[in-house]
Amino acid sequence: MTKRGGQSLSLDSLREGGEAFIQEISREYYLAHSGQKATAELQPIYAKHAEVVSEDALALTIEAFRGSAEGTEEHRSARALLDWQVESQSGRELAPLDEREIAWESSAVVRVPDGREIKFEAMAIEIANNPDANDRHVLEAARAKLVGAELAPIRRERFQREKDITEKLDLAAGYNATFEQLSGISLSGLRDECAQFLRDTQALWDEVVPEFVKRVLDMKASEATRADALALFRAREFDSGFPAAQMEASIRKQVKEMGIDPLAHGRITLDTGEREGKRSRAFCAPVRVPEEVYLVLRPHGGQSDWTTFLHELGHALHFAYARPDLPFEYRGFGDNSITEGYAMLFDHLIEDQGWLKRYTELSANTLPAFTRAAGFSELHFLRRYSAKLIYEIELYGGTTRWESLPDLYVESLTSATTFRYNRADAFVDVDPHFYAARYLRAWQLQALLTETLVERYDVDWWRNPRAGPWIVAALFGEGQRELAHEQAQRVAGKTLSFAPLVRAVERMLG
Ligand SMILES: [Zn+2]
C-alpha cells in the first residue's frame, strides 16, 4: 500500500483506474489512426489519470512483483501489471513526441521532383501498386528524403528517451534485461534461434529469390530495393482471385461455418472503407475488452487485403471473446505473442489450399503458383523479422553507437532479404518494445495451433462447427494470461521453434 494525499492506492484501485485510462488512450489512438481525428490529444488523458501512471503506482507494482514468488499466480499478475506500468511511465513522458509524430504522419506530403505531391500515408500503397520500377525508385527516393529529414529524428529521439526512462527505473541491468524480466521472454535465446534460422534457410532463399524477382518484376535480384519488394508482395497477378467486393462476406461466412459469430454479437465494429487520413497499416483497436473492439483497414486491393483482414479479425475475435471476468491485466496486457498468434492462425489460412478453393475465386490451375508465391512471401517475412529482431536488440542494447545504427540496419536487412534497404528507415522501420519478438513467437505458436486444430478437427477445421467453440473456450477466453511458450505446452504439448515453419515453407516452395 502506498499513501498519497490520504488516499491509499491498492492493486485493485490501480486496476480500476487503469481500465478507465486505457479506454481513453485506446479510443484516442483509434480515432487518430483511423483518420477520424487529425491529431491525438494524449497529454490531457495522462493528466486526467495522473494517479494511474504516478510514481506511487509504479512503486506499488514493483513491490507486488518483487514480493511474490516466481511461479505463483500473484507473480504472473504482478509481472503483467509492472510491464504495463513501465510502458505507461515512458508513454507519459513521451506523449508530446507521440502527438508530434501522429500529427506529422497525418499531414506530411511527399514532394516528387517531377511535381507530384502524394500524402505520406498513401505512399506505401502508391509504391506497391506502381508497375514501373524506375518510377518506384523515384517515389522511394522522395519518400526517404522526407523521412530522413523529418520523421527519423523524432523516432530516434523517442527510442533514446524511452531507453533512458526505462533504464532509470533500475529494474535490471539495461533496457534489454529489463524487457526480458518483464516479458518472461529470453531475447538472447530468440536472437540465437533467428540467426540459426537465417543460416538454415539461406540456400533456399538464394535459390528462389532471383526467380520471383525476375518473373513478377522483370528485374535482377541484385537491383531490387525494398520499394520493389512492396510491389512484389502486393502480388497483383492474383488480384482476380481475391475480389474486394467479396472479401468481407466470404471471410464472415467461413468464421460462421466454424461456429463463431464473426462480429461477436455486435462487440466488433468493422471499419474497412476508404477514408482520408486513415493509416495504411491496418490495426485492431480493443478500446474496451471484450465489449468494444474496432477492426480498421484501408483497402490496398487484392490478396494483401484478404490476408490483412484475416489477421486483424483474429485479433478482434480474440479480444471480443476474452472472458469478461478476467482481471484487467490479462484482458489487455501480458504476452502479445498470444494475440499475434491468433491473428496469424487466421492469416495463414491464405496458405491452405482447401480454404482457398472454398472461399476465394482463385481458379484450380492458379492454385499451385499461388501456393508457391505464398511460400516465398512467408520465407521473406520470416527472414525480415529475424533480421529486424537481431538489429533491434543492438538498437536498444547500447553497444552500437546511435550514429552507426543506420549502416547496421541497411546491412542486416539487406543481407537477410536481398532487397536494398534505406538508411532513412533505421529508426522508422522499428517496432518499439521488441514487438518483433512477439511476432516471431506468434509465428511459431501459430504453426503449433494449426497442427493441433488439424489433429482435433481435421484438415478443414476452419469449417468444422465444433472448432470455433473450442477456440473460444480454450484460447480466446483466456485473454493473455499465459505466455506463448506456456500455451504451446498446454495446447500442443510442444516447444516453440522455427522447425514447423521451415517444413511448411519447404513444402510450399517444393
Ligand atoms: Zn497483429
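Source: prediction; values computed, not measured. (Residues numbered from 1 in each chain as written. Predicted model: local features only at pLDDT ≥ 70, side-chain atom pairs only at ≥ 80, totals over all residues. Heavy atoms only, no water.)

A.B. asks: For this particular structure, what's the right way to read the overall build of the chain?
C.D. replies: From N to C terminus, the chain includes 21 helices and 7 strands. Taking 24 Å as the expected radius of gyration for a compact globule of 510 residues, we find that the chain reaches 22 Å, a close match to that expectation. Overall, the C-alpha framework of the chain stretches about 70 × 55 × 45 Å when taken along its three principal axes. Here the chain holds 510 residues, and 57% of them are scored as buried. (Helix = DSSP H or I, 4+ residues; strand = E, 2+ residues; numbered from the N terminus. Rg over C-alpha atoms; globule rule 2.2 N^0.38 Å. Buried < 20%, exposed > 50% of the residue type's maximum accessible area, 1.4 Å probe, protein only.)

A.B. asks: Would you mind going over the packing of aromatic side chains with me for this structure?
C.D. replies: Centre distance and the angle of the planes are the two values used to describe a pair of aromatic rings. Scanning the entire structure with this criterion turns up 30 aromatic pairs. Ring centres 4.1 Å apart and planes at 5° place the aromatic pair Y175 and Y396 in the stacked group. Note that Y175 is positioned in helix α7 (residues 175-183) and Y396 in helix α16 (residues 367-397), a separation of 221 residues in sequence. Using a relative accessible area of 4% as the deciding quantity, one classes Y175 as buried. (Phe/Tyr/Trp six-rings, centres within 6.5 Å; stacked < 30°, edge-to-face > 60°.)

A.B. asks: What is the right way to read the sheet that holds strand β5 (residues 268-271) from this model?
C.D. replies: Within a sheet, neighbouring strands are paired by backbone hydrogen bonds and run either parallel or antiparallel to one another. In space, the 3 strands of this open sheet follow the order β5-β7-β6, with mixed pairing throughout. Of all the strands in the sheet, the pair left with one neighbour each is β5 and β6 (283-288). The mean angle between the axes of side-by-side strands here comes to 20°, regardless of whether they run parallel or antiparallel. Of the strand pairs in this sheet, β6 and strand β7 (residues 292-296) are connected by 5 bridges, and their pairing is antiparallel. Pairing of C284 across the sheet is with L295, part of β7. Contacting β5, β6 and β7, helix α1 (residues 11-33) crosses the sheet at an angle of about 145° to β6. (Pairing = 2+ DSSP bridges. Axes fitted to C-alpha atoms, helices over the stretch in contact; angles between N-to-C directions. Contact = heavy atoms within 4.5 Å.)

A.B. asks: Explain the environment of E41 here, please?
C.D. replies: Tracing the chain through its elements places E41 in the loop between α1 and α2 (43-48). The spatial distance from the C-alpha of E41 to the C-alpha of P96 is 9.0 Å, given a sequence separation of 55 residues. When near neighbours in sequence (up to four residues on either side) are disregarded, E41 contacts E28 and E99. Only 3.1 Å separates the side chain of E41 from the side chain of K37, close enough to count as a polar contact. (Polar contact = N/O pair within 3.5 Å; in protein donor to acceptor, adjacent residues only side chain to side chain.)

A.B. asks: So what exactly am I meant to see when it comes to the side chain of S34 here?
C.D. replies: Along the chain, the position of S34 falls in the loop between α1 and α2. We classify S34 as buried; its relative accessible area is 0%. Within the structure, S34 has its side chain in polar contact with the backbone oxygen of L31 (distance 3.4 Å). Sequence-distant contacts of S34, defined by excluding residues within four places in its chain, comprise D271, R275, K278, F283 and V296.

A.B. asks: Quick question: what am I supposed to make of the side chain of D228 here?
C.D. replies: Inspection of the secondary structure puts D228 in helix α10 (residues 226-234). Here D228 falls in the buried class, since its relative accessible area comes to 0%. Ignoring any residue separated from it by four or fewer positions in sequence, one finds D228 in contact with A133, R136, H137, L217, M219 and E223.

A.B. asks: Explain the packing of α1 against helix α4 (residues 73-107) to me, please; I cannot follow it from the model alone.
C.D. replies: Any two packed helices are characterised by the angle at which their axes cross and by the distance between the axes. It is the contact of α1 with α4, at a shortest axis distance of 12 Å, that shows an interaxial angle of 35°. Handedness of the crossing formed by α1 with α4: left-handed. When α1 is examined against α4, the residues L11, L14, R15, G18, F21, I22, Y29, A32 and H33 are found in contact with a partner set consisting of S77, L81, W84, Q85, S88, D98 and I102. Its residues assigned to classes, the contact of α1 with α4 comprises 9 nonpolar, 5 polar and 2 charged. (Left-handed = near helix turned anticlockwise from the far one by under 90°. Nonpolar A, V, L, I, M, F, W, Y, C, P; charged D, E, K, R; others polar.)

A.B. asks: How should I be thinking about the nonpolar core in this particular structure?
C.D. replies: The nonpolar side chains of a soluble globular protein tend to be buried with one another. Core analysis: the largest hydrophobic core is formed by 118 residues, its most contacted members being W355 and L389. Sequence-distant contacts of W355, defined by excluding residues within four places in its chain, comprise I251, Q254, W306, L310, L349, I350, T360 and W462. Of all hydrophobic cores here, the second largest spans 20 residues; its members include F21, I22, Y46 and A57. (Core = buried A, V, L, I, M, F, W, Y, C linked by side-chain atoms within 4.5 Å.)

A.B. asks: Help me understand the packing of α16 against helix α21 (residues 499-509) in this model?
C.D. replies: Their axes nearest at 7 Å, the elements α16 and α21 cross at an angle of 145°. Judged by the sense of rotation from one axis to the other, the crossing of α16 with α21 is left-handed. On the side of α16, the interface is formed by T371, R372, A374, G375, F376, E378, L379 and L382, while α21 contributes L501, V505, M508 and L509. Class assignment for the residues of the contact of α16 with α21 results in 8 nonpolar, 2 polar and 2 charged.

A.B. asks: Would you mind showing me how to read the confidence of the model for the chain here?
C.D. replies: Should pLDDT be low for a region, the predicted coordinates there are not to be read in detail. Considering every residue of the chain, the mean pLDDT works out to 95; 99% of them sit at 70 or more. Between residues 1-6, whose pLDDT stays under 50, and residues either more than four places distant or in other chains, the model counts 15 contacts. (pLDDT = per-residue confidence, 0-100.)

A.B. asks: How should helix α8 (residues 187-200) be read in this particular structure?
C.D. replies: Over its 14 residues, α8 runs 20 Å from end to end, which matches the ideal 20 Å to within 8%, given 1.5 Å per residue. Within α8, the full set of buried residues consists of L187, L190, C194, F197 and L198. Along the axis of α8, the buried positions cluster into a sector of 100°, meaning they face one direction only. Projecting away from the buried face of α8 at angles above 90 degrees are the exposed residues R199 and D200. Elements that come into contact with the buried residues of α8 comprise α7, α9 (202-217), α16, α17 (405-417), α18 (435-457) and α21. (Expected span 1.5 Å × (residues − 1). Arc of directions from axis to C-beta.)

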